[in-house]
Amino acid sequence: MTDGGAQTYVYVSAVEFVENYLSLVYRRDVTENRTRVWCRDWWMHAEAIARLDAIWRAWEHLRRDSHTGLSVWFLDHADPHMRELFDPEGPFKFCSPVTGHSNQLTPLPLKSPPKDIFGSAD
């Protein structure tokens, strides 16, 4: 796959990357021990989608650096994101690798600010 700038990707999507690379590289005990959590239905979590897509894109970029690219990827991208995803208080808190997804976590509560308190993007 290319991105218009003739950049070739190894994996065509974050899904393919997670299924064929990341899940094989990050082998962890995610059974019911609750020291690390994982949701087999990870794609049902907006935060997981965003983080895993970012990890994939960083990997596709940094894999081209034959010197320290993968080290930078692990230290600066994969490890921090995976720590958040594996965290028992993270987005997979109520999920299980056995029973799957739980929708118990709700979006953060919000109240819209008064109009014009923030400037526009332009």
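Look a little higher up for the structure.
**What about the packing of helix 1 (residues 14-25) against helix 2 (residues 46-62)?**
Here's step 1: Taken N-terminus to C-terminus, the directions of helix 1 and helix 2 make an angle of 75°; their axes are 9 Å apart at the nearest point. It follows that helix 1 is roughly perpendicular to helix 2 by the angle criterion. When helix 1 is examined against helix 2, the residues Ala 14, Phe 17, Val 18, Tyr 21 and Leu 22 are found in contact with a partner set consisting of Leu 52, Asp 53, Ile 55, Trp 56 and Trp 59.
Here's step 2: When its residues are assigned to classes, the contact of helix 1 with helix 2 shows nine nonpolar, no polar and one charged.

**Here we look at the nonpolar core**
Here's step 1: Counting residues in each nonpolar core, the largest one holds 27 residues, and the members touching the most others are Phe 17, Leu 22, Trp 38, Leu 52, Trp 73, Met 82 and Phe 92.
Here's step 2: Elements with a minimum of two residues in this core: helix 1, helix 2 and helix 3 (69-86).
Here's step 3: In terms of residues, this core owes the most to one element, helix 2, which gives seven residues.
Here's step 4: With residues up to four places along the chain from it excluded, the contact list for Trp 38 reads Val 30, Leu 52, Met 82, Leu 85, Phe 86, Phe 92, Cys 95, Ser 96 and Pro 97.

**A closer look at unusual backbone geometry**
Trans peptide bonds make up the majority, and among non-glycine residues the majority have a negative phi.
Here's step 1: Unlike most non-glycine residues, Asp 116 shows phi in positive territory, near 65°.
Here's step 2: In this structure, Asp 116 sits in the segment after helix 3.
Here's step 3: Judged by its relative accessible area of 75%, Asp 116 is exposed.

Rules and cut-offs
Residues numbered from 1 in each chain as written. Predicted model: local features only at pLDDT ≥ 70, side-chain atom pairs only at ≥ 80, totals over all residues. Heavy atoms only, no water. Axes fitted to C-alpha atoms, helices over the stretch in contact; angles between N-to-C directions. Helix = DSSP H or I, 4+ residues; strand = E, 2+ residues; numbered from the N terminus. Parallel < 35°, antiparallel > 145°, perpendicular 65-115°, else oblique. Contact = heavy atoms within 4.5 Å. Nonpolar A, V, L, I, M, F, W, Y, C, P; charged D, E, K, R; others polar. Core = buried A, V, L, I, M, F, W, Y, C linked by side-chain atoms within 4.5 Å. Buried < 20%, exposed > 50% of the residue type's maximum accessible area, 1.4 Å probe, protein only.

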